[in-house]
Amino acid sequence: MTEQTSAALATDPASNAAPFDQLPLAPAVLANLGQLGYLDMTPIQAASLPISLAGHDLIAQAKTGSGKTAAFGLPLLKNLNPRGFSVQAMVLCPTRELADQVTQELRRLARSEDNIKILALVGGSTMRPQMTSLEHGAHVVVGTPGRIMDHLQRGSLNLDALNTLVLDEADRMLDMGFFGEIAAIAKLCPKKRQTLLFSATFPEEIAELSQRFMRQPRQVKLTELHAGDKIRQRFYQIEKDQRLQAVALLLNHYRPVSTLAFCNTRQQCRDLLQVLRAQGFHALALHGELEQRERDQVLIQFANRSCSVLVATDVAARGLDIDKLEAVINVDVTPDPEVYIHRIGRTGRVDQDGWALSLASDNQVKRVDAIAQAIGAEIEWHPLAELQPASNKPLLPPMATLQILGGRKDKIRPGDILGALTGEAGFTSAQVGKISVTDTVTYVAVERRIAHEAQRRLAEGKVKGRSVKVRILAVDGDAPPREFVPAVRRRDG
Ligand code: ADP
Ligand code: MG
């Protein structure tokens, strides 16, 4: 049995502002939240924290970007005894990337306490260093179910002292086939514990999971759109065979800098990518078959504005922490209205309108009606014929990405790259965008028109006193250059 709390949003966000200091949190924790700029709780935090901080099990449903990490992070940290050297809390996440995001956010939230060790246990890096870190003691582990199972089987992770278990993005973990692992891991946790489950949607399996190992969970549901988000929704009536071509028409008409295009299937993703690239759009696809490194690259290029369109399925896009976009295109109508709400929540910043554009064929009108009911609004229908290219120039992203061979392991920091570009190379910092340093490679966005020049000068100059190899990442249909440009001969050697 679950108690349901529905937290509706007031139309005026200021009228239901919920400051953190109404919660039973230590003054140091409150001060830290203030420093992080967290003044008011987000709606899911306001709805769930009173329940979870009181020690209850909780099932919470909320969309990406709603602040779920703090919603489980604060009760998890409250349950810790910093002087105990055993693992007391565990967060299960679907992917390495999400586990890394959660680890970083938890560390920020834990800053007010000295010496809380939070460890990420994910695949893609070797077991040994993780085992060593575990031997040195960690209070919190964040990991993917597969890797956590590995550690449990080898005996490098002991859960006897665990008091909080969190399942983050539970629906996605189930989509990825982790039901068995999750159930097995939960079995190895002490019975007396608090379990918090977060999920964007509520498929049948979630109820099954929660029945198996949660104790009288309270349920909090928040699928409403943010009142502060300005989303303009339009539906275009199309013939089935116009669908992919219509996406190109939308892009040329609205000319958004960044668009997330949702497809219902992977095949549709592939087809759309082909159609868009054939017309010169800089588009990339995100799907389950990508290796982690490729996935990172796609996301980096999209986030730093060197790729105009990201084509994705719902599963692939779930949980992505990306800024709000100019446009979301529903290439196909989803049968689940909640998925629609989730998708379009990716657009519409507080300070700027966002477009949610949907393509619907005649036989999909029923689905659109269900969506109209869920959002409680009339559908605004438009004819495809009204779409006119707003310019005869191709839609190009403002930036391009340079990939530099060398990363954290080579002690490269963002400042080194910015320094190299604005120093000797002579560019202004306004021409340089996001810099992302990974373990072995670094990505830097530069204005598209200086990309070749920037590549040349970086490769000719030095970063941290070393020559580096640099290439431009291609996002259009052209085959990307396979080779790094050769480094210039060492001047000092
Ligand atoms: P979710 O897990 O629901 O996708 P996150 O926990 O990753 O969302 O939070 C999204 C972003 O919002 C993060 O950048 C986080 O730092 C920020 N954030 C979370 N809670 C608050 C808050 N109360 N006030 C301001 N920013 C917040
Ligand atoms: Mg999250």
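Positions within a chain are numbered from 1, following the residues in the order the chain's sequence is written. Whichever chain is written first becomes A and whichever ligand is written first becomes 1, with later ones labelled in order. Given that this is a predicted model, residues contribute local features only at a pLDDT of at least 70 and side-chain atom pairs are listed and counted only at 80 or more, while totals for whole chains, interfaces and linings are drawn from all residues. For side-chain calculations, the full set of non-hydrogen atoms in the structure is used, while hydrogens and water are omitted.

(A) Expanded view of the site of ligand 1. In this text, near means that some heavy atom of the residue lies within 4 Å of the molecule or strand in question. Around ligand 1, the surrounding shell holds 14 residues, and the nearest of these are Tyr38, Asp40, Gln45, Gly65 and Thr69. Polar contacts here mean pairs of N or O atoms no more than 3.5 Å apart (in protein, one a potential hydrogen donor and the other a potential acceptor; neighbouring residues in sequence count only if both atoms are side-chain atoms). Here Gln45 contributes a side-chain N or O atom positioned 2.9 Å from a nitrogen atom of ligand 1. One of the side-chain nitrogen or oxygen atoms of Glu105 is found 3.4 Å away from an oxygen atom of ligand 1. Here the accessible surface of atoms and residues is derived via Shrake-Rupley with a 1.4 Å probe, and residues count as covered only by protein chains that are part of the display. Out of a free accessible area of 570 Å², ligand 1 has 76% covered by protein chains.

(B) Inspection of the confidence of the model for the chain at higher detail. Looking at the chain as a whole, its pLDDT mean stands at 87, while 90% of the residues score no less than 70. Confidence over residues 1-15 falls short of pLDDT 50; this stretch has 28 contacts with residues more than four positions distant or in other chains. One confidence number per residue, pLDDT, is output by the predictor and ranges from 0 to 100. Working rule for contacts: check all heavy atoms of both residues, and any pair within 4.5 Å makes them a contact. For residues 477-493, every residue scores under 50 in pLDDT, and the model assigns this stretch 26 contacts once sequence neighbours within four places are set aside.

(C) View of the packing of aromatic side chains. In this analysis, rings of Phe, Tyr and Trp, with Trp reduced to its six-membered ring, are considered paired at centre separations within 6.5 Å, and the interplanar angle assigns stacked below 30 degrees, edge-to-face beyond 60, and tilted for intermediate values. This model, assessed by the stated rule, comprises four aromatic pairs. What links up through ring pairs into an aromatic cluster is the set Phe235, Tyr340 and Trp381.

(D) Structural view of the nonpolar core. Grouped together as the largest cluster of nonpolar side chains are 42 residues, with contacts concentrated most on Val91, Leu106 and Val142. Under the scheme used here, helices are H or I runs from DSSP no shorter than 4 residues and strands are E runs no shorter than 2 residues, and both carry numbers assigned from the N terminus. A total of six residues in this core trace back to one element, the largest contributor, which is helix H3 (residues 68-78). In this structure Leu106 touches Phe72, Gly73, Leu77, Val91, Ile118, Val140 and Val142, once residues within four positions along its chain are discounted. Joining through side-chain atoms within 4.5 Å is the link that ties buried Ala, Val, Leu, Ile, Met, Phe, Trp, Tyr and Cys residues into a set, and such a set is a nonpolar core. Relative accessible area decides the class of each residue, using a 1.4 Å probe on protein chains only: under 20% of the type maximum gives buried, over 50% gives exposed, and in between gives partly exposed. By size, the runner-up hydrophobic cluster in this structure holds 32 residues, among which are Met90, Leu134, Ala170 and Leu197.

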